[in-house]
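Results of the structural survey
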Amino acid sequence: MISLAIQSKIDNPIDFLPLHGTDYVEFYVGNAKQAAHFYKTAFGFQSLAYAGPETGVKDRASYAIRQNKLTFVFTTPLKNNNEIADHIYKHGDGVKMLALKVDDATDAWEQTTKRGAVSYMEPLKMQDEYGELIMSGIKTYGDTVHLFIERSKYEGVFMPGYRTWNSTYNPSETGLLYVDHCVGNVGWNQMNKWVSFYENVMGFKNILSFDDNDISTEYSALMSKVMSNGNGYVKFPINEPAEGKKKSQVEEYLEFYDGEGCQHVALATLDIVKTVTELQNRGIEFLKVPTTYYDDLLDRVRKIDEDLQPLKDLGILVDRDEEGYLLQIFTKPVEDRPTLFFEIIQRKGAKSFGKGNFKALFEAIEREQESRGNL
Ligand code: FE2
């Protein structure tokens, strides 16, 4: 039974929280210098900015890297007994901040907190010789935070507190463009609570729903609802485990992240074959579906622009909806805990999330889970 409901985005004429997309994603990590190097090398990011003791920030070091509209920040604590160190002790490396671009960070904070959001930080004006930037933030699932970033009056390289990070090591880009969506894993019976949060506190709409009949394999299951802001620039699917014969992949995440958190960040490309070829050459490992997946692929998705063989060689998945098709592939977890991974996605008209691939994909995930002894 497919419970798929694409709702009109026009039925909410007043968007009290206008968002211009993802400003950056900040990861709390055990070693920011090495993490930044890994993401530069493997994903083709460029050095952008640095903050640390040398720039007057005493308790942490942060490295910002960029590729097209995609900005990642890696932050590590310099000592223990602080929020960042505690976060890493509990969760391992992971996504802390999903920072969103706004015109008015003060209004964004007021609109959301008056609707019930728990404040993470009150609007803060930060200034340096390049202008001013206003930041505020609210808490979302687990220890994850949405920051609101207002940077129209800021001309500096990233934000006050940072200086330009010039590096002699500038690996070529891999064609990654922007954040397509970020997925959160939440606990048992928590999905609808967070759906309500995004609806009521942030003015998002539930644009797609998948139940455990859509997303179940022989062994395990999950439920998912996709939340989108008014203009569709920001999409947050929310996953919850569902009862199956064995442990759901969401449960494995919750166990090893020790709580709710960001499961994957989907990165957009305009040429997935080229991007994934580059990523594989640089050591990124992807989930593989059995080659039988490709036997009836063209019967399912009909005509596509790409040759089948490179898709098969790389393990790229294809799915079609009413509006077009999409190509996607998922990395294995990018750290030792089986938590965070990335999706690479190329949309050719499709606005959905690859439901036709869920079964093949989740079976691939379960093979990995089983190899870790966690199924
Ligand atoms: Fe995804």
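Just above sits the structure.
Bear in mind the structure is a predicted one, so any value in this text is a computation, not a measurement.

Scanning all chains against the criterion turns up 15 salt bridges. We note a salt bridge from Lys359 to Glu363, for which the minimum N-O separation is 3.3 Å. Taken together, the positions of Lys359 and Glu363, both in helix H9 (residues 358-371) and four residues apart, correspond to about one turn of that helix. On the basis of relative accessible area, Lys359 is assigned to the partly exposed category, the value being 46%. Via salt bridges that share partners, Asp23, Lys101 and Arg151 belong to a single interconnected network.

Moving on to the sheet that holds strand E17 (residues 341-348). Read from one edge to the other, the open sheet built from eight strands follows the order E11-E12-E13-E10-E14-E17-E16-E15, with strand pairing classed as mixed. Looking at the sheet topology across the chains shown, the edges are occupied by strand E11 (205-210) and strand E15 (317-321). The average angle at which neighbouring strand axes cross in this sheet is 25°, direction not considered. Taken together, the five bridges between E15 and strand E16 (residues 324-330) define a ladder with antiparallel strand orientation. Counted as the bridge partner of Arg320 is Tyr325 from E16.

Moving on: the coordination of the iron ion. Each protein donor to the iron ion is listed here as His181 (NE2), His264 (NE2) and Glu343 (OE); together their distances run 2.0 to 2.2 Å. Linear spacing of the donor residues for the iron ion on their chain is H-x82-H-x78-E. Within this pair, whereas His181 is found in strand E10 (residues 176-185), its partner Glu343 is found in strand E17, the two being separated by 162 residues in sequence.

For Ser136, the position within the fold is in strand E7 (residues 131-139). A relative accessible area of 0% means that Ser136 is categorised as buried. Separated by 2.8 Å, the side chain of Ser136 and the backbone oxygen of Ala105 make a polar contact. Residues in contact with Ser136, not counting those within four places in the same chain, are Ala105, Trp109, Met121, Glu122, Pro123, His146, Leu147 and Phe148.

Moving on, we get to the layout of surface pockets. In this approach a probe as big as a water molecule rolls over the atoms, and the regions it shows empty are the leftover space. Each pocket or cavity is described by its volume, and for the largest pocket that value is around 520 Å³. Residue classes in the lining of the largest pocket are distributed as 10 nonpolar, eight polar and seven charged. When we break the lining of the largest pocket down by domain, the ones giving at least three residues each are domain 1 (22-160) and domain 2 (176-372). There is about 360 Å³ of room inside the second largest pocket. Along the walls of the second largest pocket sit 20 residues, with Glu26, Arg60, Met126, Met135 and Met159 positioned nearest its centre. Looking at the lining of the second largest pocket residue by residue, the class counts come to 14 nonpolar, three polar and three charged.

This part is about unusual backbone geometry. Its identity is not glycine, yet Asn68 carries a phi of approximately 55°, on the positive side. Within the secondary structure, Asn68 is located in the loop between strand E3 (60-67) and strand E4 (70-77). By relative accessible area, which is 40% here, Asn68 ends up partly exposed. The backbone phi angle of Asn81 is positive, close to 60°, even though this residue is not glycine. Secondary-structure assignment places Asn81 in the loop between E4 and helix H2 (83-91).

Conventions and cut-offs
- Residues numbered from 1 in each chain as written.
- Predicted model: local features only at pLDDT ≥ 70, side-chain atom pairs only at ≥ 80, totals over all residues.
- Heavy atoms only, no water.
- Salt bridge = Lys/Arg side-chain N within 4 Å of Asp/Glu carboxyl O.
- Helix = DSSP H or I, 4+ residues; strand = E, 2+ residues; numbered from the N terminus.
- Buried < 20%, exposed > 50% of the residue type's maximum accessible area, 1.4 Å probe, protein only.
- Pairing = 2+ DSSP bridges.
- Axes fitted to C-alpha atoms, helices over the stretch in contact; angles between N-to-C directions.
- Donors = N, O, S within 2.8 Å, 3.2 Å for Na, K, Ca; no water.
- Polar contact = N/O pair within 3.5 Å; in protein donor to acceptor, adjacent residues only side chain to side chain.
- Contact = heavy atoms within 4.5 Å.
- 1 Å grid on protein atoms, 1.4 Å probe; cavity = no way out; pocket = protein on both sides within 12 Å on 5 of 7 lines; lining within 4 Å.
- Points joined across faces, edges and corners; volume = space filled by probe spheres on them.
- Nonpolar A, V, L, I, M, F, W, Y, C, P; charged D, E, K, R; others polar.
- Domains from an automatic or database assignment.

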